[in-house]
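Report on the structure
Now for the letters of each chain:
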Amino acid sequence: MRWIAVMAVTLIWTCPALAASSPGFNAGMIRLTVKDDAASFDTVVFYPTRAPEVSWQAGPFTIDATRNAPVPPDVRFPVVLVSHGRGGGPFSHRELAAALARAGFIAILPTHVGDASGHPRAASQAQILIERPRQAEAALNAVLADPRFSASADSGRIGMIGYSAGGYTALILAGAKPDFAYAGRYCAEHADPGSCPRPAADDGAPRGQGKAAVPAELATWQPPVDPRLKALVLMDPLAMMFDAQGLSAVRVPTMLFRPRDDSYLGSTGNALAVVSGLATPPVVRVVPGNHFVFVDPCPTSVAAEAPMICKDAPGVDRAEIHQQIDRDVVDFFRARL
């Protein structure tokens, strides 16, 4: 069943800077290492190129983008920062990133070390919450300063996409004010596995009955805000640490996707709270499936190892859903960056 009408956007190409959205680009891709105060981490960049597109394999993933392709020297491209969810990685959103590159955007996908597949888990959730926004901003700064992109990336047109915990990351950088005591009360009252997962070793108490103490490092933390962000796309964001007052500080245009099935990440305390809390109501899209439908379709070997993330309910066509999401995201950013 079709679930969305495509947003119609009329664009007028009047100067070279706007040529970034014109047709005719293929997807290129590079990896770079971002040096961070805590630990260096890999970042993947998808970008427009006029070179022929050559697919390749990165482990189980097929990457439809040419490695180390040249960046067109005569065009300035808008930039989109993409933050993956808990336990994910840059290639969780490889198809969306390639679609953005073909549409004339530079897509920056950092690895959130400590909260990414293939990397040791951070020592605490507080560490993850603090490091995620810093890693995202460090990746953005590194790409803007990289000689391969410094002349082509338009630092005046920057957007961000955040999925799940990446939605938290995007909201922080867009100015949302977290209240971690508020989040603790939410988890004490709600049996929400996506928002409030059990620690690896717990006391066996029923979900929703834990006590909420804010770690000292979170209580004194001053979250970074990046005023360069001009638009957000949130995909079923983890947001139960923001009350209405905290969300009202976000002033940029926002598109929010949420799934019909909210059994994993409760919509009341997350997606719907964002919808009602933002100062300007976001564009909302409701899609079939559950929280994990926003992860790109899984290769067979990955699907066998992670059925909860990869297996959809009967009648949910993840590939078709992503084709529509890609179009909506491109249209949204074209109109606002």
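Keep in mind that what you see is a predicted model, and the values were worked out from it rather than measured.

Here we come to the packing of aromatic side chains. Scanning all chains against the criterion turns up 10 aromatic pairs. Ring geometry for F180 versus W221: centroids 6.4 Å apart, planes at 35 degrees, classification tilted. Linking F180 in helix α4 (residues 180-189) with W221 in the loop between α5 (216-219) and β9 (229-235), this pair joins segments that are 41 residues apart in sequence. Here the two residues F180 and W221 agree in accessibility, since each one is buried.

Before going further, it helps to spend a moment on the sheet that holds β9. On the basis of which strands lie adjacent, the open sheet formed by nine strands has the order β5-β1-β2-β7-β6-β8-β9-β10-β11 and mixed pairing. The outermost strands of the open sheet, each flanked by one partner alone, are β5 (66-67) and β11 (283-287). Looking at chain direction, strand β10 (residues 254-259) and β11 are connected through five bridges and run parallel. Its bridge partner being in β11, P259 is matched across the sheet by V287. Relative to the sheet, helix α1 (residues 94-102) contacts β1 (26-34), β2 (41-49), β6 (77-83), β7 (106-110), β8 (153-163) and β9, its axis offset from that of β2 by approximately 40 degrees.

Right, let's talk about the pairing of β2 for a bit. Most of β2 sits inside the fold, with eight of its nine residues counted as buried. Where β1 lies against β2, nine bridges are found, and the strand directions are antiparallel. Bridging from a neighbouring strand, T33 pairs with D42 of β2. Joining the antiparallel neighbours β1 and β2 is a turn of six residues. With four bridges joining them, β2 and β7 adopt antiparallel strand pairing. In the strand pairing of β7, V44 is matched with L109.

For the rest of this paragraph, the subject is the packing of helix α2 (residues 125-145) against helix α3 (residues 165-173). Orientation of α2 relative to α3, taken along the N-to-C sense of each, is 70 degrees, at an axis distance of 9 Å. In terms of orientation, α2 lies roughly perpendicular with respect to α3. In terms of crossing hand, the pair formed by α2 and α3 is right-handed. Across the interface between the two elements, L129, R132, P133, A136 and E137 of α2 pack against A165, G166, Y168, T169, I172 and L173 of α3. Here the contact of α2 with α3 is composed, by residue class, of seven nonpolar, two polar and two charged.

Burial runs high along β6: seven of the seven residues are buried. Where β6 meets β8, six bridges bridge the pair, whose relative direction is parallel. When the bridges of β8 are listed, V79 appears paired with I158. Handedness of the crossover is the feature at issue here: the chain leaves β6, passes through α1, returns alongside β7, and the resulting connection is right-handed.

About the cut-offs
Residues numbered from 1 in each chain as written. Predicted model: local features only at pLDDT ≥ 70, side-chain atom pairs only at ≥ 80, totals over all residues. Heavy atoms only, no water. Phe/Tyr/Trp six-rings, centres within 6.5 Å; stacked < 30°, edge-to-face > 60°. Helix = DSSP H or I, 4+ residues; strand = E, 2+ residues; numbered from the N terminus. Buried < 20%, exposed > 50% of the residue type's maximum accessible area, 1.4 Å probe, protein only. Pairing = 2+ DSSP bridges. Contact = heavy atoms within 4.5 Å. Axes fitted to C-alpha atoms, helices over the stretch in contact; angles between N-to-C directions. Parallel < 35°, antiparallel > 145°, perpendicular 65-115°, else oblique. Left-handed = near helix turned anticlockwise from the far one by under 90°. Nonpolar A, V, L, I, M, F, W, Y, C, P; charged D, E, K, R; others polar. Right-handed = clockwise from strand over helix to strand, strands pointing away.

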